[in-house]
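Summary of structural features
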Amino acid sequence: MMRRTFIAAAIAAATALPALAQDAAWPNRPITIMGGFPNGAGTDIYARRLAEPLSRALGQTVVVDNRTGAGGNIGSDLVAKARPDGYTFYMGTAGTHAINAALYRSLPFDVVRDFTPVVLLGDVPNVLIVNPEKRPNLNSCHAVLAAARARPQALSYGSTGNGASTHLAGAQFATAAGLDLLHVPFRGQPGAMGALLSGDIDLFFNQTGAAMGPIRQGQVRALFVLTRERLAALPDVPTVGEACGLPPMDTSTWYGILGPANLPAPIVARMNAEVNRIIATPEFREWLVQNQGVSPPAAPNTPDQFRETQRADVARWAEVVRRSGATVD
């Protein structure tokens, strides 16, 4: 009996050695951060900016690979099924890992159980933008309210997809203002922005990260931000409360890095520490706040804190989705 116990223990220890060695040597080859949205989306812009300093910190190339479709679910599913070896991560959002849990009738993964939270990257607000050339009459919130109330369903707003934060921000605004707006979903950021610039839609409740460029280039006009306070990146743009006389509203979501379930703790800790260090540097924070309108965490956040944020948002957005009536088969 003692001999069999000794042999079993020896086999178990030998089996564990490669995994332990692998964790200790991590990383020893390129790392992929997968995204669920097209090039030019806020997640893509953030991930590519992060990849360069993260590559230097880890000593391995960090590659951004966008697998688009189904509101980010295609990329999420690939990561959920990936080996938990520290070489595949996901640039997740409150959309992919909170909203979609209520929006989709069925998912091939569980947004909480099948992922390991690694690090929260920041809060992402929404801003209402219009095309001043195509819609010169929509030059203020009150002009939008008047036009929408005069002709229900006459004003359209685009989104990056059914149930995306850009959709639900518009739905929340319409509910708060008592409006009947026409929602027009697109497959990602480029389609919705292109429709706004061509005049095919009237409004776009866009995420600030992807909207900052067109705003500063004068292609679009920002009417208000859907936050309780003004943004440092857009100090002259009023909040929805200031611009519309509505109760304060905040439709902000978040970006975060997640891995497959059962990602080894040493890998999670190293990735968390390196990313927290990068986004805490003055240069990176300046870029986030001034160029992307993104609010980085006030202090380094832990995977457990990220998990708590995610769980709270699953419940929060389930109620928003229920009120909006949005569903996707």
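A quick note: this is a predicted structure, and the numbers were derived from the prediction, not measured.

**Points about the layout of surface pockets**
Each pocket or cavity is described by its volume, and for the largest pocket that value is around 470 Å³. Around the largest pocket, the lining is made up of 34 residues, and of these Phe37, Gly71, Thr160, Gly161 and Ala164 lie nearest the centre. Looking at the lining of the largest pocket, the elements with two or more residues in it are helix H2 (42-58), helix H4 (94-103), helix H6 (165-177), strand E8 (203-207) and strand E10 (253-260). At five residues, H4 tops the list of elements feeding residues into the lining of the largest pocket. Across the lining of the largest pocket, the residue classes tally to 11 nonpolar, 22 polar and one charged. Of the pockets and cavities examined, the second largest pocket occupies roughly 200 Å³. Arg49, Glu52, Pro53, Arg56, Arg277, Ile278, Thr281, Glu283 and Phe284 are the residues that line the second largest pocket.

**Overview of the state of the cysteines**
For the structure shown, the criterion picks out one disulfide. Across the disulfide from cysteine 141 sits cysteine 244; the S-S distance is 1.8 Å. Classification of the bridge connecting cysteine 141 and cysteine 244 rests on its S-S torsion, roughly 110°, and on that basis the disulfide is right-handed. One end of the pair, cysteine 141, is in helix H5 (residues 141-150); the other, cysteine 244, is in helix H9 (residues 240-244), with 103 residues separating them in the sequence. By relative accessible area, cysteine 141 is classed as buried at 2%. Given a relative accessible area of 6%, cysteine 244 falls into the buried group.

**A few points about the sheet that holds strand E6 (residues 156-159)**
Reading across the sheet, the five strands line up as E7-E6-E8-E5-E9 and stay open at both edges, with mixed pairing between neighbours. Two strands in the sheet have a free side with no partner beyond their single neighbour: strand E7 (182-185) and strand E9 (221-225). Geometrically, the sheet is characterised by an average inter-axis angle of 30° between neighbouring strands, direction not taken into account. Set on the sheet, H6 makes contact with strand E5 (126-130), E6, E7, E8 and E9; between it and E8 the angle comes to about 125°. Where helix H8 (residues 208-216) meets the sheet, it contacts E5, E8 and E9, and its direction lies at approximately 120° from that of E8.

**Comments concerning the confidence of the model for the protein**
Residues with a pLDDT of 70 or more make up 92% of the protein, whose mean pLDDT is 90. For the stretch residues 1-22, pLDDT sits under 50, and the model shows one contact to residues farther than four places along the chain or on other chains.

**Focus on the packing of aromatic side chains**
Counting across every chain of the model gives nine aromatic pairs. Aromatic pair phenylalanine 109 and phenylalanine 115: ring centres 5.7 Å apart, planes at 85°, arrangement edge-to-face. For the residue pair phenylalanine 109 and phenylalanine 115, the accessibility class agrees, reading buried in each case. Ring geometry for tryptophan 254 against phenylalanine 306: centres 5.3 Å apart, planes inclined by 90°, an arrangement best described as edge-to-face. Placement of the pair is tryptophan 254 in strand E10 and phenylalanine 306 in helix H12 (residues 303-324), with a sequence separation of 52 residues. The structure contains a cluster of three or more aromatic residues connected by ring pairs, namely Tyr46, Tyr255, Phe284 and Trp287. When the ring centre of tyrosine 87 is taken as reference, the NZ or CZ atom of arginine 29 above it lies at 3.8 Å.

What counts, and where the lines are drawn
- Residues numbered from 1 in each chain as written.
- Predicted model: local features only at pLDDT ≥ 70, side-chain atom pairs only at ≥ 80, totals over all residues.
- Heavy atoms only, no water.
- 1 Å grid on protein atoms, 1.4 Å probe; cavity = no way out; pocket = protein on both sides within 12 Å on 5 of 7 lines; lining within 4 Å.
- Points joined across faces, edges and corners; volume = space filled by probe spheres on them.
- Helix = DSSP H or I, 4+ residues; strand = E, 2+ residues; numbered from the N terminus.
- Nonpolar A, V, L, I, M, F, W, Y, C, P; charged D, E, K, R; others polar.
- Disulfide = S-S within 2.5 Å.
- Buried < 20%, exposed > 50% of the residue type's maximum accessible area, 1.4 Å probe, protein only.
- Pairing = 2+ DSSP bridges.
- Axes fitted to C-alpha atoms, helices over the stretch in contact; angles between N-to-C directions.
- Contact = heavy atoms within 4.5 Å.
- pLDDT = per-residue confidence, 0-100.
- Phe/Tyr/Trp six-rings, centres within 6.5 Å; stacked < 30°, edge-to-face > 60°.
- Lys NZ or Arg CZ within 6 Å of the ring centre and 35° of its normal.

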